[in-house]
Every structure is written in C-alpha cells, then in structure tokens.
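Structure assessment
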Amino acid sequence: MTDLRPIPLFDLKPQQLEVRAELVSAISAIVDNCQFVLGDAVSAFEADFASFCGTDEAIAVNSGTSALHLALLAAGVGPGDEVITVPHTFVATVAAVLYVGAKPILVDIDPVTLTMDPSKIESAISPRTKVILPVHLYGQAADMKAILSVAKRHGLMVIEDAAQAHGAEYSGRPVGSLGDMGCFSFYPSKNLGANGEGGAITTSSRALAERVRMLRDWGQTSKGVHQLAGFNYRMDGFQGAVLGVKLKRLPEWTSRRVAIAHRYAERLNEVGGLEIVGSQPESTHVYHLFVVRCKGRDTLAQQLRAKNIFTGVHYPHSVHLQPAYLGLGYQAGDFPVAEHAARSVLSLPMYPGLGDEDVDRVSSAIRDQLNDRLVA
Ligand SMILES: *Cc1c(COP(=O)(O)O)cnc(C)c1O
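All of the points below concern the structure found in this document.

The rules behind these values
- Residues numbered from 1 in each chain as written.
- Predicted model: local features only at pLDDT ≥ 70, side-chain atom pairs only at ≥ 80, totals over all residues.
- Heavy atoms only, no water.
- Near = heavy atom within 4 Å.
- Polar contact = N/O pair within 3.5 Å; in protein donor to acceptor, adjacent residues only side chain to side chain.
- Areas by Shrake-Rupley, 256 points an atom, 1.4 Å probe, with all protein chains shown as cover.
- Helix = DSSP H or I, 4+ residues; strand = E, 2+ residues; numbered from the N terminus.
- Nonpolar A, V, L, I, M, F, W, Y, C, P; charged D, E, K, R; others polar.
- Buried < 20%, exposed > 50% of the residue type's maximum accessible area, 1.4 Å probe, protein only.
- Lys, Arg positive; Asp, Glu negative; His and termini not counted.
- Salt bridge = Lys/Arg side-chain N within 4 Å of Asp/Glu carboxyl O.
- Contact = heavy atoms within 4.5 Å.
- Pairing = 2+ DSSP bridges.
- Axes fitted to C-alpha atoms, helices over the stretch in contact; angles between N-to-C directions.
- Disulfide = S-S within 2.5 Å.

Moving on: the site of the ligand. The environment of the ligand is formed by 16 residues, the closest being G64, T65, D161, S185 and K190. The separation between an oxygen atom of the ligand and a polar side-chain atom of T65 is 2.5 Å. A distance of 2.8 Å separates a nitrogen atom of the ligand from a polar side-chain atom of D161. Burial of the ligand by the surrounding chains reaches 92%, relative to a free accessible area of 380 Å². When contributions to the shell around the ligand are tallied by element, the ones reaching two or more residues are helix 4 (64-74) and helix 5 (91-99). Ranked by the residues each element gives to the shell around the ligand, the list is headed by helix 4, at 3 residues. Among the residues forming the shell around the ligand, the class breakdown is 6 nonpolar, 8 polar and 2 charged.

Further remarks concern the side chain of R257. Along the chain, R257 falls in helix 8 (residues 237-268). For R257, which is buried and forms no salt bridge, the nearest opposite charge comes from E18, at a distance of 11 Å. Filtering out sequence-adjacent residues up to four positions away, R257 remains in contact with F10, N191, V286, Y287, H288, M350, Y351 and P352.

Moving on: the sheet that holds strand 12 (residues 274-276). Spatially, the 3 strands line up as an open sheet ordered 12-13-14, and their pairing is antiparallel. The open sheet has two edge strands with one neighbour each: strand 12 and strand 14 (345-348). Adjacent strand axes in the sheet meet at a mean angle of 35° when their direction is disregarded. Where strand 12 and strand 13 (residues 290-294) come together, 3 bridges link them in antiparallel fashion. Its bridge partner being in strand 13, I276 is matched across the sheet by V292. Across the sheet, helix 8 is in contact with strand 12, strand 13 and strand 14; its angle to strand 13 comes to roughly 20°.

This part takes up the state of the cysteines. Counting across every chain of the model gives 0 disulfides. Left without a disulfide partner, C53 is nearest to the cysteine sulfur of C183, which lies 11 Å away. On the accessibility criterion, C53 (1% relative accessible area) is buried. For C183, a relative accessible area of 1% translates into the label buried.

Below, the structure is given as structure tokens:
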C-alpha cells in the first residue's frame, strides 16, 4: 500500500506554481525599486485587502501575532485589564493578551462549531474586562451576533482573530469588519499566504487605524517624532507584492476549498463513529482546515499515515494545559468541551491544489478503517 503517492495535509507548491510568473515579476519590481519595507506594493495591498474585508482601513504588519498585539494595544488594553478568549485556538491568541500585560480569561467553546460559546461570556465579565477576542476557527466565523450583543450590553470592544478565515462571511458581512478590529495572518499556509511572514489589522475606525499605523512603526507621527512607544512590526515590500498577486486568486482558491469540503462531506457523512465539525448557520466557511472528530483519533491518524495519507491536529492540547500557560491558573477539567475537542479533532488534507481523486482516496481510507473497527 505504501507505494501509493503521498497525500500531504497541505501543499503550497501547486499554488506557487499557478502564480509563479506574476510572483517573480512583482518581486523583481521590488528588487529594482528598492522599496523593501512598506512602500507602494504594501500600500496597494492594504487598499485591496481593506476592500476585500469591507473595512475602511487595513494596516499591514509582519505577522498575525503582531496584528493581535497591536490591536490590543490600540484598544487600550494594558496591565490589570482582562480579555475574554478561548482555550481551543493557536497559542498566539492567548500570548498576545499576555504581551500587553493583560490577563486572558478563557471561556469554553460550542460543542458543534468549536468556536467561542457566547452563553459562557457573561459570567466571565468583570469590571476589568476590556475586550472580547473570538477566534474564527478553521475558516468559519464565531457566533458574532451573540458575541457582539453581549459586548454592546457591557461596553466592551470586540477584536476578531480572523487568522484562519480570510473571506468568510457572517450574515453577509466579511470577517474583519464585524468587530472593532480584525486580525489576519498571512503565514504561508493560511488561506492567503505570503512568501514569508505577514499579517494585517482591519478596521473602519480611523482613530484605531491611526494608532495601529503609528505603533507598527516605532510610534512615529512623523519621521523622528515618537508619540507612542511602538514596535518594528512593518510589513516588508516583497510580502506586499506577493500578497497583492495572491489576493486576486483568493476567491477562486476559496471556491476550490469549499468544493473539496463538500466532496469530503458527501463521502464521510454516513460513516459511523465519525463526526464532521459543524457549521455556524450564519457563516460561510472558507475551510482553512477540514476537521472531523472521532474516538481513537491518534490511531486513525496512524492508520492513514500507513496509507501515505497525512493529517494534522489543530490543536492537540488546549492552551490552558500547555506547559507555558499553566501560569494562567486553569487546570484540566476547567473547559470540558475544549479538552474533548483537543482529544478528538483530526484535520484532513485540504488545499486548493488537492484533487478529487485524493479526496476520494482519503475518504475511502477513513471509511474502511472505521468500518473495520465496527466489525472487530
Ligand atoms: C496563525 C494564527 C495566528 C498567528 O499568526 P502568525 O502570522 O503565525 O503570527 C493567530 N491566531 C490564529 C488562530 C492562527 O491560526
């Protein structure tokens, strides 16, 4: 069986190849014009990305983590403040809260969509709460209607972690335009990926945009005048050029991801012992990841690997149980839904260049494996 061609979890090469000529020409323009940091290519990408997200502003930075850090700073979050977020996410969401000296207050997730459970927010709010930070996990929006309504009742800001959900919509509005600010990552494997590191903050508040712009460039109001204690979080010119090329293809790549997801769903819907992570009815899904759940997840992953099919786990440990974040003071059992997700989720191969025959091979392998279990 191992002579079968490997199917990776993710493969960047088909995408790079598809736009190679455009990338090379966009990059070589930067080599010639020497706008290596920010510059025209970055500004043009910012304008295009803001329009893609339905916001007045997009500010490009050097990573999704930097985007979260600056959004929290611009929101005025600091020592003594609290930010409500989730334990079932990439660690960067929680780490950014610690960067500004604030305390992450975690709430459990919804058992169907695995995004923030809005019914858990109210009891987590204290007089120190400043921001609610939901994560649009795997490519679909969190339950924003409920989240925004709690935020409004309590006068809290909402910052969206949209690092996995470029182009997803909630009630017809793009993520990044729903809260006060949206934070995106352009890490190469994200739905919109740079050829290096990158990120952006989207907002329609001119005041917030101005603060973020200053903070990413040493807090300067004009050359040599440092109004705020800022950072060097600028996007480099090459990444702006690459992202400008790739953003034009994103709708097409997203359609392919959605088609792949539908094909998986058709083939896996009825498989006993397997559950597909559920959809948020108000949200479109851009399928950064296609995630299923089952008992004995690690065994299934191993059996698929034996058939040259490679899967991933996002994420194997809830943030509150990661050694680095035990200091938050939570313990096993505090977030049962998140902890169960960490044990059961499995990400199947998903990228625009994945073929229908690959989807079929992955699906049959899973069906065979789980049927064997029922028989045994
Ligand atoms: C990738 C990711 C980030 C961090 O983005 P980087 O560009 O890697 O710094 C933050 N949050 C989530 C949910 C992510 O998936």
